[in-house]
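Secondary and tertiary structure notes
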Amino acid sequence: MIDFDTLEKGQQIGSTTVFVNRADLVRYAGASGDFNPIHWNERFATEVGLPGVIAHGMFTMGAAVQLVTDWAQDPGAIVDYQTRFTKPVPVADPAGTNPSDAAGTAIEIAGTIGALDAEARTARVDLVVSVEGTKVLIKAQAVVQL
Amino acid sequence: MSINPDLAGRVYPAQEPYAVGREKIREFAAAVKATHRAHYDLDAAAELGHGDLLAPPTFAIIVAQRADALLVNDPDSGIDFSRVVHADQRFTHHRPIVAGDQLVAELHVDTVRAMGGGAMISTRAEIATTDGQKVATTVSSILVRGEDQ
């Protein structure tokens, strides 16, 4: 259990890397019901002006919060979670691989305590989420009830 | 076709309830690579005080995007789904979602801002159980790109 009174603003909660390949995008499409072809069809994605197939923003948002869950140890404690989607996360289809086995795009996630509310006993975790050094989410903030 | 500026303030009433199932929670959790046992195992959920499997923090997107579809698919809205980009998303949970919940969502179109030849549209889904208990409020903005964007 996290002791609220020991937390400090600016404190790091940790970091992790999530990998996403084409098979992950198909799995997320099916699980979420978001079948927009920009997330699984290269031709369509290119025709609408994208560099290629990109991850669902909601995949990235959903996967990034795992860091907060690991810290809070209770997914139900995340009472508020928001982000803006700034840059697409391209997911390549490397030749010669089974798409399910491809290493995929690395999404790097790091979290710090951005704010503390002593009255509500909540901590706001600010996430930095980036791909190859470029932030793909901004204002990614999760409020945890402690 | 351009975006209908009169969309702001429109409310789409709740449709058929969404029944939250254990296997959907497990499937969604695996799809976002959520590893907490409370998404998969009843005993682990019970240890945290939940009566059934606990949904991951972004699970409500399933219900919210079904509600958003009412607007996007409304012929009167003028929205071309192939030109839609998800700009931002927020979830405020009034209580955790668990398997067995019967959820309904009322969709509010909060703002419509013209941007170039397109528009930024912010919607809010008020998600509750069929017996009226507030569960979550989700807010999202979509950018509908104009023909030249």
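Residues numbered from 1 in each chain as written. Chains lettered and ligands numbered in written order. Predicted model: local features only at pLDDT ≥ 70, side-chain atom pairs only at ≥ 80, totals over all residues. Heavy atoms only, no water.

1. A look at the overall build of chain A
Helices and strands together make up the secondary structure of chain A, namely four helices and five strands. The secondary structure elements of chain A, listed N-terminal to C-terminal, are β-α-α-α-α-β-β-β-β. The principal-axis extents of the C-alpha atoms in chain A amount to approximately 50 × 25 × 25 Å. Burial status across chain A gives 50% buried among its 146 residues. Total accessible area computed for chain A in this model is approximately 6,800 Å², and 51% of it derives from carbon and sulfur atoms. For chain A, the separation between the mean place of its 10 positive charges and that of its 17 negative charges on side chains is 7 Å. (Helix = DSSP H or I, 4+ residues; strand = E, 2+ residues; numbered from the N terminus. Buried < 20%, exposed > 50% of the residue type's maximum accessible area, 1.4 Å probe, protein only. Areas by Shrake-Rupley, 256 points an atom, 1.4 Å probe, with all protein chains shown as cover. Lys, Arg positive; Asp, Glu negative; His and termini not counted. Charge placed at Lys NZ, Arg CZ, Asp CG, Glu CD.)

2. Points about the pairing of strand 6 (residues 134-144) of chain B
Residue and element names in this part refer to chain B. With eight of 11 residues buried, strand 6 is to be regarded as a mostly interior element. Pairing analysis gives nine bridges linking strand 3 (residues 84-93) to strand 6, with the strands arranged antiparallel. Following the sheet pairing, His86 is matched in strand 6 by Ile142. Here strand 5 (residues 118-129) runs beside strand 6; their pairing, made up of 10 bridges, is antiparallel. Opposite Glu126, over in strand 6, you have Thr137 as the bridge partner. (Pairing = 2+ DSSP bridges.)

3. A look at the side chain of Ser140(B)
One can find Ser140(B) in strand 6. Owing to a relative accessible area of 5%, Ser140(B) belongs among the buried residues under this scheme.

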